[in-house]
Every structure is written in C-alpha cells, then in structure tokens.
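# Commentary on secondary and tertiary structure
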Amino acid sequence: MAVALFMRAEDPQFLVLLASIAANVRGLRARRSLTQEALAQRADQDLAYVQRVERAATNLSVRVLFALARALGVAPGQLLRPRALPPSRRGRPAKRSAATVRRGRPQE
C-alpha cells in the first residue's frame, strides 16, 4: 500500500496548523500596530494573500512563512506555535476618537 506523501487539505492536523499560523501572524501584526497592508508591503506579498493567511484560507509556502516572520521581526518557528484563531469579526473596526489615540485609553 502506498503511503500518502502530502497532507490532504481536509486533514484536521493540517487545519490546526494553518489556524495557528493565522493566529500568530494576526496577533503579532496587531501587537506591532501594523495594518495588513503594511505587513504585505514589508513581506513583499499581495494584500489579498496576507488577508487569506490571517483567515487560514490558504496553504502558504515556507518562503512566505519566512517572509512574514522577517517582516514581523520574529523567528519563523514562532509563527508555528500552537495558538487558537479567534473568531473573526466582519467589517471595519470601530473608529477611535482623537483623545483615545492621544492618551491610549478610552474617554470617560
């Protein structure tokens, strides 16, 4: 019997790995206050591709993994650490007031 050399896209372990990469990329990007567009430019990737990576909707290559890690200033292995992908929220984030941006906290 032949052994499967490639993982099937439906394999649960594969999907967990993609979700971990997505969660790590999204979390690190947010902590560095980068937009998806800024990350895409730094990693020399298309914006739509970075968006798919953050949704775990694409099978990225090792080359892209390295490019994203370099753009985020981390070792590539850090993007592979197990982490749950938080539920996505549709639409744009709520606008913050100028006072919130200046002080870094919500107005009271």
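What you see is a predicted model; the values in this text were computed from it and never measured.

## A short note on the overall build of the protein
- Each helix and strand counted, the protein has five helices and zero strands in total.
- Within the protein, the proportion of its 108 residues that are buried is 32%.
- Summarising the internal contacts of the protein: among those between residues at least 6 apart in sequence, 58% fall at separations of at least 24.
- In the form shown here, the protein has an accessible surface area of approximately 8,300 Å², with 54% of it arising from carbon and sulfur atoms.

## Comments concerning unusual backbone geometry
- You will see that Asp-44, though not glycine, has its phi angle at about 55°, which is positive.
- With respect to the helices, strands and loops of the structure, Asp-44 is situated in the loop between helix 2 (36-43) and helix 3 (47-54).
- Asp-44 gets classed as exposed once you look at its relative accessible area, which sits at 69%.
- One non-glycine residue, Ala-56, adopts positive backbone phi at about 60°.
- Along the chain, Ala-56 falls in the loop between helix 3 and helix 4 (62-72).
- Note on Ala-56: relative accessible area 24%, which makes it partly exposed.

## Points about the side chain of Ser-20
- Turning to its location among the elements, Ser-20 is positioned in helix 1 (residues 12-31).
- Look past the residues within four positions of Ser-20 in its chain and what remains in contact with it is Leu-79, Arg-81, Pro-82 and Arg-83.

## With respect to the side chain of Glu-54
- Along the chain, the position of Glu-54 falls in helix 3.
- By relative accessible area, which is 2% here, Glu-54 ends up buried.
- Excluding residues within four positions of it along the chain, Glu-54 makes contact with Ala-22, Val-25, Arg-26, Arg-29, Gln-36, Leu-39 and Leu-85.

Conventions we followed
- Residues numbered from 1 in each chain as written.
- Predicted model: local features only at pLDDT ≥ 70, side-chain atom pairs only at ≥ 80, totals over all residues.
- Heavy atoms only, no water.
- Helix = DSSP H or I, 4+ residues; strand = E, 2+ residues; numbered from the N terminus.
- Buried < 20%, exposed > 50% of the residue type's maximum accessible area, 1.4 Å probe, protein only.
- Contact = heavy atoms within 4.5 Å.
- Areas by Shrake-Rupley, 256 points an atom, 1.4 Å probe, with all protein chains shown as cover.

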